[in-house]
Amino acid sequence: MTEIMKNGPVNPVKIQDNTFRDGHQSIYATRMRTEDMLPIAERMDEMGFWAMEVWGGATFDTMHRFLGEDPWERPKLLKKYIKKTPFAMLLRGQNLVGYRNYADDVVRAFVDKACEVGIDIFRVFDALNDLRNFEICVERIKANGKHFEGTICYSLTEPHLGGDVFNMPYYLDLTKRLEAMGADSIAVKDMAGIVSPYDIFALITEMKKVTKLPLHLHTHYTSGMASMAYLKAIEAGVDIVDTCLAPYALRTSMPAVEPLVVALQGTKRDTGMDVHKLIALGEHLEAIAPKYQKHLATNTLSLIDAGVLAHQIPGGMISNLVSQLKEMNALHRIDEVYKEIPRTRKEAGTPPLVTPTSQIVGVQSVMNVIGGRYKMVNNQFADLMYGLYGKTPTPIDPEVQKVVLKRHKRGQTPVTGRPADYLEPELAEDKQKIGDLAKTEEDLLTYALYPATGEQFLKWKYGVEPMPESVKPPAAQEAGKGK
Ligand code: CO
């Protein structure tokens, strides 16, 4: 009998449901529409989830750009049906829900507004694990009395936890610093799905020794290890795990909730959730599946990407590399790129590979292979070497840095302060530029975050330009065709 089966204090595993955010972001390119969430919203609220992740990550970008939906309306609408379960969002620190650092005035206004539209728990992360990029977010989350989930991006340089960079002391140091910042819980965010069962057992065990805060594990099924990782994390005492309803689970998404619920029944970590009700909710997702089928990746027979076990390169990053190489007619050189990535990454200070650093390192690695090392330099890569994203886990290679910054428009001497200290306030100028088209503070923020597509969205929203058929919901598209 293992420890978990023995009698002892009952300590149910808490479940965060990610169906309405990371679930469809992972399998359907974030295309799930609010109208398809509403029919099961009230029943989801009855399940007893610790939280439901409904916003943040890529949802804001996708909604206004491709779905013709106002991103601010989704949490407001869901809140009408989901009254008990707290709402969680994924927030990219100073990058908010975009791809660059925004000035502090934008960050303050965004977090305040997110609280106002119904977000209760903020999972804040930074691609470099540079906690200075959390400061302004945390200030506003706390001022609004909301939950700050301090997040550690899990990364590796080899198949297992350890080595010179992403080792146990690295993660324990971050844990202590997040607690000191006022975290209400701490999340380990494994975006690539590379955490292995015994590594997470060791990590959670050690983290429990340095903090009393609830520990939350987020992983992706990508490599096929995620369910095993959850079980070992649960044995080590992890408090909360992220899952999706079965139809939106597995593949590059999260583990499914249903098997986890049954696996834990009768143990002292029993979730107490009703598997029959969960299965019934999944039926709705099956029913709407035909609408979204075209976004599902069907190019491989395998549901997992076993290659990740060999090279630890996140799935999203690989698909970007493939399309970049295809455009250059150089797909046959992908093995060279796989070899180049660790080298470029090390020279760039070994950033974790997560949005946006995964793209930045990936693009530069391709350029290094195709055009010769650092003969061409991607602008964002130069910004990373300049210090604009923050402090990297290891020092940047000084020789490479010199070469890369030689023609950099911002200057040759790298900066070392908090990245946003180098940014001027933005909102006043944005307000002037967008003028009357932004009728609310929410509109102004949409424009501040996404100037080009945000302005386009506001034109659709207020009927200045007709919304293209391709952006409308499928039902409306059908109706349009009938005319
Ligand atoms: Co994720």
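For the structure, see preceding data.
Owing to the predicted nature of the structure, the values given are computational and were not obtained by experimental measurement. (Residues numbered from 1 in each chain as written. Predicted model: local features only at pLDDT ≥ 70, side-chain atom pairs only at ≥ 80, totals over all residues. Heavy atoms only, no water.)

Considerations on the overall build of the protein
When its secondary structure is counted, the protein shows 22 helices and eight strands. Computed over the C-alpha atoms, the radius of gyration of the protein is 22 Å, within 12% of the 23 Å expected from 2.2 N^0.38 for a compact globule of 483 residues. Dimensions of the protein, computed from C-alpha atoms along their principal axes, come out at roughly 65 × 60 × 50 Å. Within the protein, residue pairs in contact and separated by at least 24 positions form 75% of the contacts whose partners lie at least 6 positions apart. Here the protein displays about 20,200 Å² of accessible surface, and carbon together with sulfur accounts for 55% of that area. (Helix = DSSP H or I, 4+ residues; strand = E, 2+ residues; numbered from the N terminus. Rg over C-alpha atoms; globule rule 2.2 N^0.38 Å. Contact = heavy atoms within 4.5 Å. Areas by Shrake-Rupley, 256 points an atom, 1.4 Å probe, with all protein chains shown as cover.)

Quick word on the environment of N368
Structurally, N368 can be placed in helix α16 (residues 357-371). C-alpha of N368 to C-alpha of D335: the two residues are 33 residues apart in sequence and 13 Å apart in space. Non-local contacts of N368, meaning those with residues more than four positions away in its chain, are made with E340, T344, R373 and Y374. For N368, the side chain forms a polar contact with the side chain of E340, separated by 3.1 Å. (Polar contact = N/O pair within 3.5 Å; in protein donor to acceptor, adjacent residues only side chain to side chain.)

Considering the layout of surface pockets
The space that makes up the largest pocket amounts to roughly 1,600 Å³. Contributions of two or more residues to the lining of the largest pocket are made by α1 (19-27), α3 (59-67), α14 (315-327) and α16. It is α14 that provides the largest number of residues to the lining of the largest pocket, a total of eight residues. Taken together, the residues that form the lining of the largest pocket break down as 20 nonpolar, 20 polar and ten charged. Summarising the domain contributions, the lining of the largest pocket has at least three residues from each of domain 1 (12-295) and domain 2 (313-417). (1 Å grid on protein atoms, 1.4 Å probe; cavity = no way out; pocket = protein on both sides within 12 Å on 5 of 7 lines; lining within 4 Å. Points joined across faces, edges and corners; volume = space filled by probe spheres on them. Nonpolar A, V, L, I, M, F, W, Y, C, P; charged D, E, K, R; others polar. Domains from an automatic or database assignment.)

Digging into the pattern of salt bridges
Taken as a whole and assessed by the stated rule, the structure comprises 37 salt bridges. D36 is the salt-bridge partner of K291, the closest N and O atoms lying 2.9 Å from each other. With a gap of 255 residues between them, K291 in helix α12 (residues 289-292) and D36 in helix α2 (residues 34-45) connect regions that are remote in the sequence. Here E426 ties to R100 by a salt bridge, and the two come within 3.1 Å at their closest N and O atoms. (Salt bridge = Lys/Arg side-chain N within 4 Å of Asp/Glu carboxyl O.)

A few points about empty space enclosed by the protein
Following the criterion strictly, the structure yields two cavities of 30 Å³ or more and no others. Counted as a void, the largest cavity has a volume near 40 Å³. What lines the largest cavity is simply N95, N101, D126, A127, L128, N133, P356 and Y389. Taken together, the residues of the lining of the largest cavity break down into four nonpolar, three polar and one charged. The volume enclosed by the second largest cavity comes to roughly 30 Å³. What lines the second largest cavity is R92, N95, F125, D126, A127, T355 and P356. A class-by-class count of the residues in the lining of the second largest cavity yields three nonpolar, two polar and two charged.

Considering the sheet that holds strand β4 (residues 121-124)
With respect to topology, eight strands assemble into a closed barrel ordered β1-β2-β3-β4-β5-β6-β7-β8, the strand pairing being parallel. For this sheet, the mean angle separating the axes of adjacent strands, direction not counted, is 30°. Here strand β5 (residues 147-153) runs beside strand β6 (residues 185-190); their pairing, made up of five bridges, is parallel. Counterpart to C153 in the pairing with β6 is K189. (Pairing = 2+ DSSP bridges. Axes fitted to C-alpha atoms, helices over the stretch in contact; angles between N-to-C directions.)

Here we look at the nonpolar core
Core analysis: the biggest nonpolar cluster contains 109 residues, and F110 and F122 have the highest contact counts within it. The element contributing the most residues to this core is helix α5 (residues 104-117), with eight residues. Among the domains, domain 1 (12-295) and domain 3 (427-481) are the pair contributing at least three residues each to this core. Other than its neighbours up to four places away in sequence, F110 contacts W55, F60, W72, M89, L91, L96, V97, L445 and L449. (Core = buried A, V, L, I, M, F, W, Y, C linked by side-chain atoms within 4.5 Å. Buried < 20%, exposed > 50% of the residue type's maximum accessible area, 1.4 Å probe, protein only.)

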